[in-house]
Each structure stands twice: as structure tokens, then as C-alpha cells.
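In case you want the letters, here they are:
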Amino acid sequence: MLAMETATIYCQFWWFSSIYPVRFSQLMAKVTAPALPDHINALREYETEGFYCELHGASKSDQSKFPELWRRLLEYDSQDLRARASEATDELLDLGITFTVYSEGDAIDRILPFDIIPRVLSAEEWRHIESGVKQRVAALNLFLRDIYHDGNILKDNVVPEDLVVGNANYRPEMRGYEPPGGTYVHIAGVDLIRDDNGQFLVLEDNARTPSGVSYVVENRHLIQRTFPDLLEGFAVRSVSQYGQRLHQKLCEVAPGSVSDPQVVLLSPGVFNSAYFEHIFLAREMGVPLVEGRDLVVDQERTFMKTVNGMKRVDVIYRRIDDDALDPECFHPESLLGVPGLMRSVMAGHVTLANAVGTGVADDKAIYAYMPRIIKYYLDEDAILPNVETHICREPDALAYTLDNLDKLVVKPVGESGGYGITIGPKASAEELADCAAKLNADPANFISQPMINLSVCPTLTETGVAACHVDLRPFAVTGKETWVLPGGLTRVALKPGSIIVNSSQGGGTKDTWVLDDGGHENGAMKESGQ
């Protein structure tokens, strides 16, 4: 298949319903608007249930942090909210905005449930988050450069050497490689939660191929189309420039001799769970969407097949895991990658974003050392602190975890998407026993953390407007400098009482508003209702 220009790809944006009519009809059968009771002013009955609320603040506060927004929300009755939610669902289905859940051998396409009540951040709150994310990304890049070169942080015993070089995501092939600008992590997603005191804490770093930014932009578009009267009049920071900024940052890390870089987005293909996002980002950047078979390496230079012949490629935003990237270097049976690609990278002829080997930096065990990593490289305290973390490979931490299993959250270090987690306070005796057995069998594969009371936000559910737990994933893109998309992906746990916000575990999303007070960099835009 020849690489296609983005405009051509998007002429086929209706592909989902036409190519997969059976699966699309299954979607239609599964998705319904929330069935609210038909009474007036559903939000008047909203209770924070003792948690910190994103719209009200401290759990005992009766005043909204954003009184004008709250006053406006109270003007909508249940029937109106239900109609807006239904319209948003129809939009998601029409556009084919989906992800794939893999379960028991089946692949099920679903829309990502969208809640129409936004999560709002003040300008001051956002400045704190933005500075903390930039600090964290800077430290991650310095850490990666160090462990693939001199390894000073390992020699100084700040981070255990075996935890790094023994990590499955550590790539010896990257030793000595100097990426353009010293940037390994070009696209980062930092998962944040807020505790009972309103303090933001880092729950997880995502430095490989973080996903979800397409929903940030599309969620804003949904609000503009289905709830413009709610947005109207508020100075909300724009999210529409993400594709432009991403392309700019990727061009900044092109090989030094290139004046007009050719960027492509490398996707595993249509059956990948995040394929919608791959198409979306290629369109937003205005670059070709390619698969491995569209690229070839000749004399250590990477080319793209086009209808007009071979075209040089300078930067590859890859959404393929390390193991599948190059069958010459990694998994020899991979059909998704490009033979010889790593030779082209190491020769300095093409830049990969994110770089190979970044997975070691977002390992959950390395996460526990991030405050020390920040202090080591930047001589600063972490602006966004970690959740207290016990590394079960350490005997004292393992003993503490086993003794307090019913009070802790236990996570496997290599998993994502909410899989493999044991939530002690909510687990059965059988589940706790199974977790203890796994801990004793392979303690190095686990960390434990106290159960944090995640903040909540008013959310439309089948029984009314309820306080549902949320987290936040800001997205940062780095070239010569780091830029953070205002807001990020707010994920919400839609199951009653659940704290698991992952889409694969039944979570949904909200639009995230960052209010503008004029204190940001020049040229930033504001959104309005359409």
C-alpha cells in the first residue's frame, strides 16, 4: 500500500460504518444516552460525598469554585441534559471516534463515553500543573541521556543500577546514541490525581507512546457543538493548536542538515485500538499516515513509497512498540516495522519520536525514584509530588505491603490500562490471597501505594448527576523546548464507587477547561461556543 496524503485519508473518514457494518450495529445497540429521572434541576441534588470536588473545592464547602458556571449549570433541567448527552453520543458514533477493548480473545469497538459536564481548572491551578509537567519532562530526558551514556546516576547510587539495566524496556542498542536536541521523550503524558486536600499528585508517567490527546480536542468540539451556551462567555484556553504545535516540535528535532523536514506518523494499522487517534493526529499535523510496509531503508536513509516515487523521511512519530519497530534489531518476526530502521536512526538520518528505550523511564518502579531524579539533575524539589510508593523488590517494602494489603493499592510495574491492579480496601479475601501469592512469587514486579481519595466531579449517570472520581493526563510535546497542551484528558470512573478511570475498564472522559486570566504566553487562543 502506498503512503497516502492526509487529505485523501480523511476523505475516507466514514470508513468505520461502511467497512464494519456488523460491528457498527453492535455499537449502536450498546450505546444509549443516560436515563435520568424526569425532574427539574438535577444538579441541585448533587452531593460531593465527602470528596474534594473539582467544581466545589473542599468536601465541606457549599460554595462553588466557579459560581457563574455552577449557576448556569443549574439552569438546565434533566430533560435538557439528557438531550445534550444523546446528541454528543450521536456525534461520536457518526464520526467513528472509537477505541478497541481486547477481552477473552474478542476485539470490541466502542465509543469512549463522554460526559457533558466539564472539569474546570483555574489559571493559577494550570500554571502549577504546567510548570510541574515541564520539570518532570526535563528530568526524564536528562535521566534517559545519562543511563544511555555515562550512567552517573547509577554510579552515585541514586537509582539502583539493576533496576535500570535489568528492566525489560532498557535498550542496550541505544548506548552512546545522541538524539537531536538531546530529546528522547518528545510526547509525554503525565497522569495526575487530586487528593482530599486539593493537592495534585503524579500517579504515573507515560513516556513511550501516550494516547488520548485526540479525545481532548474532540471533546472540546463536542462541547462547542452540543453545549455552546454553556461555554459562551467563558475565557477558556484553546486546545485546537495541538497538531500544529506537535508538528513544529517534531520538525525541531529533525536531523541537523534538513531544512524542510518530512514528518510521517507510523501506525500498526487499522486493527490497532488507537487507530482513530493515528488518523486524527496525521490530519491535524498535515502529514502522511504510514504503515511499516510503506517505508524502506536504503543506504541507511529512510524513504516513503508514494505515487511519485520514493520520498525521503526525516522524522517518524511512531505509534508502534520498540519490539515491533525493526525486525533486524528487535523481534525478527515483526511485520509491523521497517527492516533497517534502527541503522538509519543510529546513522543520524532519521529521528524517532519517542526514541527507542524510553519505556525504562515510565516503569512504575522507576517512578518511585522520580523525586530523587528531579533533585539529582535539576537541583529542585518536585513541583508535582509522587503518590507515596513502596517498591516491593525491597524487603522492607514487601513486608509492609503484605502486612497492609487490605489498605493498599498493588500494581504490576509493567502493566497499563488498569490491568492487574488489586485495590485492597475493595478486594475480597480471595483476591487478597491471590495478590499475596503473586507478590511472594515475584516481588520485583510490583509496587504498592496508599489508596488516595481521588477528587470527584459532577457527572451525568443513569441515575442522575453523581460525584464520580476523575484524574487528569496533561500532554507535553518537546523539541527544543517543552509546550504543554492547556488542560489535558480528564478521565472519569463511570462505574458506581469505582476509582478505575481507564477506558478499557469502563471509564469515560470529560472536556477540561483551563480558564484564561491573560497570564500565559503570547499568542495563545481562547475557545468560544459555536
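Residues numbered from 1 in each chain as written. Predicted model: local features only at pLDDT ≥ 70, side-chain atom pairs only at ≥ 80, totals over all residues. Heavy atoms only, no water.

Draft legend 1. The arrangement of the overall build of the protein chain in detail. From N to C terminus, the protein chain includes 18 helices and 24 strands. Counting the 530 residues in the protein chain, one finds 58% classified as buried. Counting only contacts in the protein chain whose residues sit at least 6 apart along the sequence, the fraction spanning at least 24 positions is 72%. Carbon and sulfur atoms make up 48% of the accessible area of the protein chain, which amounts to about 21900 Å² in all. (Helix = DSSP H or I, 4+ residues; strand = E, 2+ residues; numbered from the N terminus. Buried < 20%, exposed > 50% of the residue type's maximum accessible area, 1.4 Å probe, protein only. Contact = heavy atoms within 4.5 Å. Areas by Shrake-Rupley, 256 points an atom, 1.4 Å probe, with all protein chains shown as cover.)

Draft legend 2. Spatial organisation of the packing of aromatic side chains. Per the stated rule, a full pass over the model turns up 9 aromatic pairs. A centroid spacing of 4.8 Å and a plane angle of 70° characterise the contact between Tyr76 and Phe227, whose relative ring orientation is edge-to-face. Residue Tyr76 is found in the loop between α4 (67–73) and α5 (78–95), and its partner Phe227 is found in the loop between α9 (213–226) and α10 (228–231); the two are separated by 151 residues along the sequence. By relative accessible area, which is 0% here, Phe227 ends up buried. (Phe/Tyr/Trp six-rings, centres within 6.5 Å; stacked < 30°, edge-to-face > 60°.)

Draft legend 3. Representation of the nonpolar core within the structure. Of all hydrophobic cores here, the largest spans 71 residues; its most connected members are Phe143, Ile147, Val159, Val164, Ile316 and Ile373. The element contributing the most residues to this core is helix α6 (residues 123–147), with 9 residues. Filtering out sequence-adjacent residues up to four positions away, Ile147 remains in contact with Ile153, Leu154, Val164, Tyr170 and Val360. (Core = buried A, V, L, I, M, F, W, Y, C linked by side-chain atoms within 4.5 Å.)

Draft legend 4. Local environment of unusual backbone geometry. Each neighbour pair has its own omega, and for Ala353 with Asn354 the value is -5°, a cis peptide bond. Checked against the element boundaries, Asn354 lands in the loop between β13 (351–353) and α15 (364–367). Backbone geometry at Asn157 places phi at a positive 60°, although glycine is not the residue there. If you trace the backbone, Asn157 turns up in the loop between α7 (152–155) and α8 (161–165). One non-glycine residue, Gln299, lies in positive phi territory at about 50°. Within the secondary structure, Gln299 sits in the loop between β9 (295–298) and β10 (301–306).

Draft legend 5. Geometry of the environment of Lys495. With respect to the helices, strands and loops of the structure, Lys495 is situated in the loop between β22 (489–493) and β23 (507–514). On the basis of relative accessibility, which here comes to 47%, the residue Lys495 falls in the partly exposed class. For the pair Lys495 and Gly506, spaced 11 residues apart in sequence, the C-alpha separation works out to 6.9 Å. Setting aside its immediate chain neighbours within four residues, Lys495 contacts Gln505 and Gly506.

Draft legend 6. The arrangement of the sheet that holds β10 in detail. Across the sheet, which stays open at both edges, the 3 strands sit in the order β9-β10-β11 with antiparallel pairing between neighbours. This sheet does not close on itself; its edge strands, each paired only once, are β9 and β11 (309–312). For this sheet the average axis-to-axis angle between neighbouring strands, irrespective of direction, equals 40°. Pairing of β9 with β10 involves 4 bridges; the strand directions are antiparallel. Paired with Val296 across the two strands is Phe303, which belongs to β10. (Pairing = 2+ DSSP bridges. Axes fitted to C-alpha atoms, helices over the stretch in contact; angles between N-to-C directions.)

Draft legend 7. Main features of the sheet that holds strand β7 (residues 263–266). Reading across the sheet, the 4 strands line up as β8-β7-β12-β13 and stay open at both edges, with parallel pairing between neighbours. Since the sheet does not close on itself, it has two edges, and those belong to β8 (289–290) and β13, each with one partner. Note that β7 and β8 share 2 bridges and pair parallel. Considered in β8, the bridge of Leu265 is made with Leu289.

Draft legend 8. Representation of the pattern of salt bridges. This structure, assessed with the given rule, holds 35 salt bridges. Among the ionic pairs, Arg318 bridges to Asp322, the shortest N-O distance being 2.7 Å. Like Arg318, the residue Asp322 is buried in the burial classification. The salt bridge partner of Glu328 is Arg343, with a shortest N-O separation of 3.1 Å. On the criterion of sequence distance, the pair formed by Glu328 in the loop between α13 (322–325) and α14 (341–346) and Arg343 in helix α14 is long-range, its members being 15 residues apart. With relative accessibility at 37%, the residue Arg343 sits in the partly exposed group. (Salt bridge = Lys/Arg side-chain N within 4 Å of Asp/Glu carboxyl O.)

Draft legend 9. How the structure looks around the environment of Gln79. Locating Gln79 in the fold gives a position in helix α5. When its relative accessible area of 57% is taken as the criterion, Gln79 is described as exposed. Linking Gln79 and Asn41, residues 38 residues apart in sequence, is a C-alpha distance of 9.4 Å.

Draft legend 10. Seen up close, the pairing of β22. Judged by how many residues are buried, β22 sits mostly within the fold: 5 of 5 residues are covered. What you see with β22 is no split at all: Leu489, Arg491 and Ala493 on one side and Thr490 and Val492 on the other are buried throughout. Relative to β22, strand β19 (residues 464–473) runs antiparallel, the two being bridged by 4 bridges. Across the sheet, the residue bridging to Asp471 is Arg491, located in β22.

Draft legend 11. Examining helix α17 (residues 395–403) more closely. Where α17 is concerned, the buried positions are Ala397, Leu398 and Thr401. Along the axis of α17, the buried residues cluster in a sector spanning 100°; they form a single face. Opposite the buried face of α17, by more than 90 degrees, sit the exposed residues Pro395, Asp396 and Asp403. Of the surrounding elements, those touching the buried residues of α17 are β14 (390–391), β15 (408–412), α18 (429–441) and β17 (446–450). (Arc of directions from axis to C-beta.)

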